[in-house]
Amino acid sequence: MMNGGGAHEHMEEAESKQDGSGEADGGEESNEQEVIVIQDTGFTVKIQAPGTEPFDLQVSPQEMVQEIHQVMMDREDTCHRTCFSLQLDGNVLDNFAELKSIEGLQEGSLLKVVEEPYTVREARIHVRHIRDLLKSLDPSDAYNGVDCNSLSFLSIFTDGDLGDSGKRKKKGNELEQIDCTPPEHILPGSKERPLVPLQPQNKDWKPMQCLKVLTMSGWNPPPGNRKMHGDLMYLYIVTVEERHVSVTASTRGFYLNQSTTYTFNPKPANPSFLSHSLVELLSQISPAFKKNFTALQKKRVQRHPFERIATPFQVYSWTAPQVDHAMDCVRAEDAYTSRLGYEEHIPGQTRDWNEELQTTRELARKNLPERLLRERAIFKVHSDFAAAATRGAMAVIDGNVMAINPGEETRMQMFIWNNIFFSLGFDVRDHYRELGGDAAAHAAPTNDLNGVRAYGAVDVEGLYTLGTVVVDYRGYRVTAQSIIPGILEREQEQSVIYGSIDFGKTVVSHSKYLELLEKTSRPLKVQRHGVLNEKNETVELCSSVECKGIIGNDGRHYILDLLRTFPPDLNFLPVEGEELPPESQRQGFPRQHRHRLACLRQELIEAFVEHRYLLFMKMAALQLMQQKANKDTNKTSSSDAPSLLEGKEAEENPKSREVVLNACKAVGSISNTSFDIRFNPDIFSPGVRFPEDSAEDVQKQKQLLKDAAAFLVSCQIPSLVKDCLDHSALPMDGATLTEALHQRGINVRYLGTVLEFVDKTPAKAQLEHFYRIGISELITRCAKHIFKTYLQGVELSALSAAVSHFLNCFLSSFPDAVAHLPPDELVSRRKNRKRRNRVPGGGDNTAWASLTPSELWKNIASEAQSYYHFTIQCESVDQAVEKYGLQKITLLREISIKTGIQILIKEYNYDSRHKPTFTEEDILNIFPVVKHVNPKASDAFHFFQSGQAKVQQGFLKEGCELINEALNLFNNVYGAMHVEICACLRLLARLNYIMGDHPEVGSAILVAIDITPVPHTLSLRYTSALFIELTLIVSHSVLHLLPQSNIGLVLHGVMEYDLSLRFLENALAINTKYHGPRSLKVALSHHLVARVYESKAEFRSALQHEKEGYTIYKNQVGEAHEKTKESSEYLKYLTQQAVALQRTMNEIYKNGSNASIMPLKFTAPSMASVLEQLNIINGIIFIPLSQKDLENLKAEVQRRQQLQESGKIEEHIEDSPMELEDKIPIDD
């Protein structure tokens, strides 16, 4: 609703809810309340603002009055008002009231906007809002990564074609022509990889200057006598016309006073131009302001709302142009007043983060509206907390926060800022000495965060975790946590009533904690177990011993230190006297790791349990079949299979019980009567002792852990490689590779193992792109590890010099990179003064300057060996590029994103042997890299999944409604900017496109690429193709297929035949390489190339390609198949054309100019045929079906569903929900 356009969305929301609610998940309990809410529809009210015509606004009954305020502050004609109230029949409406609770408010009511007197707070808000309006097109906040601003290039690519107008600009009577030629650098075979085109510069960003200066005056705050005249504050303004004025903000509004820079005269000037809004005042005194401000607001309102919305979590750009630093009073004020992360509008003091985080968790969640409200609140508080924690962590590392233990050495210091507790990732007080010292202390916070995420997702009522954010900044790891009420007043020993504070030497337990943790035991697969305390008494736990339970002063049960929520990874934890299964040993496990906190991922545990469950079912079924066979010989024929699997009668039938018992034993279940696998996270923890009576159980658990470790190596890694071979997993860069590993539960420390596995795979050539991405990821991660310690020794004044020196050593071919030290006089003077409060680990350290390229690459090779157990045989970046086919620009992008470096966007010369690539001026900024919990919108997610399932079964319309519903719910929880919303929109666009609803596609995805006018399609495609070439290490990769084929086809459509050929022939080469020469995809590629040759009248080449395609079709699908027939028809047609052309040529040769030439048919491709081929390439296949076919199909689908429900058929729906449409038959 933030952007005025929200009203119609609410209408759609209401309608789609009415349609979709019936199709909701079977599991959705539909209380009456939900239904009532869902059927509320919107209505229209009139709004009358001073000096403007009344306008209509569509609102929904659930909205608050405040949201109408928001719309007013965003509309072009009322955006300059901030201090007003809305009145209905003379009664002021309460800002926080819901519209449905206001008496007398109905369809057609007139709301009046009434200007209210200012207070200091309101005047500040007004100035801040005006400054935001003036900066609304300025991207500098997005480049600097502040206030959750992010870059958007949509309007540049679509050139104003989006939004309501959607019309191309006309020149005279015809449409303006747009150049469609692809830029040189993305043509197949081009070696150039330019950086600059990645961020096209927007002409709107050259700011239209409305004012030269707007700042707080030095005369603030008003003295007592002026306060009593209503003065709130003074502003100093310089207009574009160079007029210097001093303005008073008073309770009645803004007016000019008679002060100058050096004399204070607060009396109103003559004329004083008293106005309620600063914009009105400035419009009267500066014609340039009036003209430019109006133009600026027009442009602002034309931008798509999504381009103006802040993101929930800050995103940082790794490249930026040189942005001019302009004077900005609000920014300056924010930086130097102690605005400790609390926003102006929050009453009272700093925010109590812990209270906010826990209270939102306690909100009711009985029905859909309550859950939505709760999830929205949780998400909002989390994103605010992550932003505040990030700011605090940066302040701590930059040395701007006082430690709470200032006497201790810097690495041991702890900090409190804005009600958040900060600690550094070092091993203080030898806490982790037995677990790997600093390496363990560095890994513990991320493990802890994974634990917080897991317990947060289980969401047990009454069990609380701390808000946790892990920030890596300038080489330091900072953990930010919310503070348990009362914990700072007591010693830790007194407050821990569950768990252990010394890794298991002393252990305590508590019945309430056991009861709460028992509820998490099944979803998290944690086994309840006993351990011995210092008096050799058995203590019951339902978590690892490190997990501590503390009851806060607020009476809530908190758990913290969740670093061992998941069981240890034995492949990286050598234990004396323990043998790993042969699958692990063959791969060289167990291996020594840096620390002993290596855990298995939750995804792995779930995959392992799923795998064991299938095994359990198979074994049970097998034994039952044997029993049945024996019975059959005894001529009895009752079958126990269904009864066993449904869990009925198993108790009465001793044979069935025995079957279950055997199967349970075989798969390691902790129960003997049903399948139930859980892990004991304390196995192999040093210092933890188990009671003797559980020895057998502990043995079982050890075996389970060994099996899980072997499962990772023998099942998960091969399945990842298989998925890459059949293209169901397609990593594009380091981040997507990491995601692919994590989805299958493989930790990144296995990267070396994965690469070795790929190296030994027979189909290595088809995995070349995967291997290169893996190598690049491994090298940049090693470089990141080294960079971390390298940065810790650099003081702030030398930071840009140090970063550019490191990048030179890492990427530049220049052999003797020399660092630029700061000028000597600064250093020597500093040495004379012993500085007290130094930045952690800082100091007058210039050791970083002695790093050389060869030393860095030696370190990278040894890091790869010791951390990933992988051998890199290269001593310089050029050798690495040569040996593994990498690109320097890719390595630069990966290292910058991983370490938070922002560099100047320009073309760098990496290969010069005479001068270094980077200088200090090229390093613009260093950002934090932030890890935090991402709260999920559970109901929306269920709707989304049900929608996907419906689409897979072929019920497009129902699926579409469910996904629309999910979209509304996602919007409700996350706001408009979130990746899950992208997934929703993408699927909706494809569905609407398939169902032939083209206008809907445009609204579902603004960049529904194949439907926007051709030129925009191309400019977007070119940038995406370039992006793929930069992220990918390799210019021939399976990932190039889509952009290459798509660009080729669209160029063919606009008759750029030669260029089209280059792209399509390249796509053909890639297809042949990755799918094998006999693949149907290759046949399609041949056909596309043949069509372009036909358009160029080169029939011989066309025939040659079509023959290839025909041969593949004939061999793969047989002569009777329609594709083979089509191809054969096309071959005949081409032959006729070729013969006709040859005849004509002969005629010309024979008779010279008198020849009678038959007109030849050269077909320019029709848009319909180009679109048809685009559909095929992008996996959208229309199958024309008659009504009868449809009836049969529906009947078949229903039959299968019934079978599935009765449990006789177990069909696993494929795991690629996003590409469902490929399998959907649709009436054309």
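Residues numbered from 1 in each chain as written. Predicted model: local features only at pLDDT ≥ 70, side-chain atom pairs only at ≥ 80, totals over all residues. Heavy atoms only, no water.

Undergrad: Give me the overall build of the protein chain: which residues, what numbers.
TA: In terms of regular secondary structure, the protein chain is built from 41 helices and 25 strands. Split into buried and exposed, the 1228 residues of the protein chain put 51% on the buried side. Long-range contacts, defined as pairs at least 24 residues apart, comprise 69% of the intrachain contacts of the protein chain with a sequence gap of at least 6. Summing over all exposed atoms, the protein chain offers an accessible surface of approximately 57800 Å²; the carbon and sulfur share of this is 53%. (Helix = DSSP H or I, 4+ residues; strand = E, 2+ residues; numbered from the N terminus. Buried < 20%, exposed > 50% of the residue type's maximum accessible area, 1.4 Å probe, protein only. Contact = heavy atoms within 4.5 Å. Areas by Shrake-Rupley, 256 points an atom, 1.4 Å probe, with all protein chains shown as cover.)

Undergrad: Outline helix α36 (residues 1057-1075), supporting the account with residue identities and numerical values.
TA: Spacing of three or four residues puts side chains on the same side of an α-helix, whose turn is 3.6 residues. Given a rise of 1.5 Å per residue, 19 residues ought to cover 27 Å, and the 26 Å separating the end C-alpha atoms of α36 matches this to within 8%. Following α36 by one or two positions, glycine 1076 adopts a phi angle in the positive range, close to 85 degrees. (Expected span 1.5 Å × (residues − 1).)

Undergrad: Which residues make up helix α12 (residues 353-362), and what values go with them?
TA: Taken residue by residue, α12 has Trp353, Asn354, Leu357, Gln358, Thr360 and Arg361 as its buried positions. Angular distribution of buried residues about the axis of α12 spans 160 degrees; they occupy a single face of the element. Where the residues of α12 are buried, they touch α13 (368-397), β14 (420-424), α14 (437-458), β15 (463-465), β17 (476-482) and β22 (557-560). (Arc of directions from axis to C-beta.)

Undergrad: Which residues make up the side chain of arginine 678, and what are the values?
TA: With respect to the helices and strands, the residue arginine 678 is situated in the loop between α20 (654-667) and α21 (695-725). Residue arginine 678 is classed as buried on the basis of its relative accessible area of 12%. Within polar-contact distance, the side chain of arginine 678 engages the side chain of aspartate 676 at 3.0 Å. (Polar contact = N/O pair within 3.5 Å; in protein donor to acceptor, adjacent residues only side chain to side chain.)

Undergrad: Give a detailed account of the side chain of threonine 761, specifying residues and quantitative values.
TA: Looking at where threonine 761 falls in the secondary structure, it is placed in the loop between α23 (751-760) and α24 (768-792). Looking at threonine 761, its side chain comes within polar contact range of the main-chain oxygen of phenylalanine 757, at 2.8 Å. Those residues within four positions of threonine 761 in sequence are excluded, and the remaining contacts are Val721 and Leu767.

Undergrad: Residue-level account of the sheet that holds strand β24 (residues 923-926), with values.
TA: Read from one edge of the open sheet, three strands run β12-β23-β24, paired in mixed fashion. Across the chains shown, the open sheet's two edge strands, defined by having one partner strand only, are β12 (319-320) and β24. Across three bridges, the pairing between strand β23 (residues 901-904) and β24 is antiparallel. Bridging across to β24, isoleucine 903 finds its partner in isoleucine 923. (Pairing = 2+ DSSP bridges.)

Undergrad: Got a sec to walk through the packing of α24 against helix α27 (residues 853-868)? Specific residues and values, please.
TA: Closest axis-to-axis distance for the α24/α27 pair is 9 Å, and the angle between their directions is 105 degrees. Relative to α27, α24 is oriented roughly perpendicular. Residues Leu778, Ile779, Arg781, Cys782, Ala783, His785 and Ile786 of α24 form the contact with α27, whose participating residues are Leu856, Trp857, Asn859, Ile860, Glu863, Ala864, Tyr867 and Tyr868. Among the residues forming the contact of α24 with α27, the class breakdown is eleven nonpolar, two polar and two charged. (Axes fitted to C-alpha atoms, helices over the stretch in contact; angles between N-to-C directions. Parallel < 35°, antiparallel > 145°, perpendicular 65-115°, else oblique. Nonpolar A, V, L, I, M, F, W, Y, C, P; charged D, E, K, R; others polar.)

Undergrad: Could you give an account of the sheet that holds strand β11 (residues 253-257), naming the residues involved and the relevant values?
TA: Here we have four strands laid out as an open sheet, ordered β8-β9-β10-β11, and antiparallel in their pairing. Only two strands of the sheet have a single neighbouring strand rather than two, namely β8 (211-216) and β11. Averaged over all neighbouring strand pairs, the angle between strand axes comes to 30 degrees, with direction disregarded. With five bridges joining them, strand β10 (residues 244-250) and β11 adopt antiparallel strand pairing. Among the inter-strand pairings, valine 247 is bridged to a residue of β11, identified as leucine 256.

Undergrad: I'd like to hear about the pairing of β22, residue by residue, with values.
TA: Residues of β22 alternate between two faces, with His557 and Ile559 on one and Tyr558 and Leu560 on the opposite face, all of them buried. Examined bridge by bridge, β15 and β22 share three bridges and lie parallel to one another. Directly across from tyrosine 464, in β22, lies its bridge partner tyrosine 558. Note that strand β21 (residues 548-551) and β22 share four bridges and pair antiparallel. The residue of β22 that forms the bridge with glycine 549 is isoleucine 559. Here β21 folds back onto β22, and the loop between the two strands holds five residues, one of which, glycine 555, carries a positive phi near 80 degrees.

Undergrad: Any chance you could break down the confidence of the model for the protein chain for me, citing the residues and the numbers?
TA: Chain-level statistics for the protein chain give a pLDDT mean of 81 and a share of 81% at 70 or above. At the low end of the mean pLDDT range in the protein chain sits helix α1 (residues 6-20), at 38; at the high end sits strand β16 (residues 468-473), at 97. The low-confidence segment residues 1-39 (pLDDT under 50) makes 58 contacts with residues lying over four places distant or belonging to another chain. Here residues 163-175 scores under 50 on pLDDT; set against residues more than four positions off or in separate chains, the count is 17 contacts. (pLDDT = per-residue confidence, 0-100.)

Undergrad: Account for a nonpolar patch on the surface, with residues named and values stated.
TA: On the surface, Met1145, Ile1148 and Tyr1149 cluster together into a nonpolar patch covering about 320 Å² of accessible area. Among the structural elements, methionine 1145 can be located in helix α39 (residues 1122-1151). (Patch = residues over 30% accessible without salt bridge, like charges linked within 9 Å, V, L, I, M, F, W, Y side chains within 5 Å. Salt bridge = Lys/Arg side-chain N within 4 Å of Asp/Glu carboxyl O.)

Undergrad: So what's going on with the pattern of salt bridges? Which residues, and what values?
TA: Using the criterion set out here, one finds 60 salt bridges in the structure. Aspartate 723 serves as the salt-bridge partner of arginine 744, at 2.9 Å between the closest nitrogen and oxygen. Note that arginine 744 is positioned in the loop between α22 (734-743) and α23 and aspartate 723 in helix α21, a separation of 21 residues in sequence. Take aspartate 723: its relative accessible area is 19%, and that puts it in the buried class. In the salt-bridge network here, residues are joined through shared partners; they are Asp733, Glu777, Arg781, Arg893, Glu894 and Lys898.

Undergrad: So what about the packing of aromatic side chains? Which residues, and what values?
TA: Considering all chains together, one arrives at 31 aromatic pairs under this definition. Plain terms: the ring middles of phenylalanine 944 and phenylalanine 970 are 6.4 Å apart, the flat faces sit at 65 degrees to each other, and that makes the pair edge-to-face. Here the residue phenylalanine 944 occupies a position in helix α30 (residues 938-952), and phenylalanine 970 occupies one in helix α31 (residues 956-974), the gap between them amounting to 26 residues. Each member of the pair, phenylalanine 944 together with phenylalanine 970, is buried. An aromatic cluster is built from Phe313, Phe379, Phe944, Phe970 and Tyr974, whose rings are joined through pairwise contacts. Here arginine 591 stacks its cationic end above the ring of phenylalanine 589, 4.4 Å away from the centre of that ring. Just above the ring of tyrosine 771 sits the side chain of lysine 764; from NZ or CZ to the centre is 4.6 Å. (Phe/Tyr/Trp six-rings, centres within 6.5 Å; stacked < 30°, edge-to-face > 60°. Lys NZ or Arg CZ within 6 Å of the ring centre and 35° of its normal.)

Undergrad: Give a detailed account of unusual backbone geometry, specifying residues and quantitative values.
TA: Here asparagine 220 and proline 221 are connected by a cis peptide whose omega angle stands at -15 degrees. Along the chain, proline 221 turns up in the loop between β8 and α7 (224-227). Following asparagine 270, the chain continues to proline 271 via a peptide bond in cis, the omega torsion being -5 degrees. Looking at the secondary structure, you find proline 271 in the loop between β11 and α8 (278-285). Look at asparagine 419: it is not a glycine, yet its phi comes out positive at around 60 degrees. Relative to the assigned elements, asparagine 419 resides in the loop between β13 (414-417) and β14. Judged by its relative accessible area of 30%, asparagine 419 falls in the partly exposed class.

Undergrad: Talk me through the environment of glutamate 958; I want residue IDs and the actual numbers.
TA: Following the sequence through the fold, glutamate 958 ends up in helix α31. Taking relative accessible area as the criterion, glutamate 958 reaches 26% and is therefore assigned partly exposed. Along the primary structure glutamate 958 and serine 946 are separated by twelve residues, whereas in three dimensions their C-alpha atoms are 9.7 Å apart.

Undergrad: I'd like to hear about the pairing of strand β19 (residues 529-532), residue by residue, with values.
TA: Residues His529 and Val531 line one face of β19 and the alternating positions Gly530 and Leu532 line the opposite face, and both faces are buried. The turn joining β19 and strand β20 (residues 538-541), which pair antiparallel and follow one another in sequence, is formed by five residues; a positive phi near 60 degrees is taken by asparagine 536.

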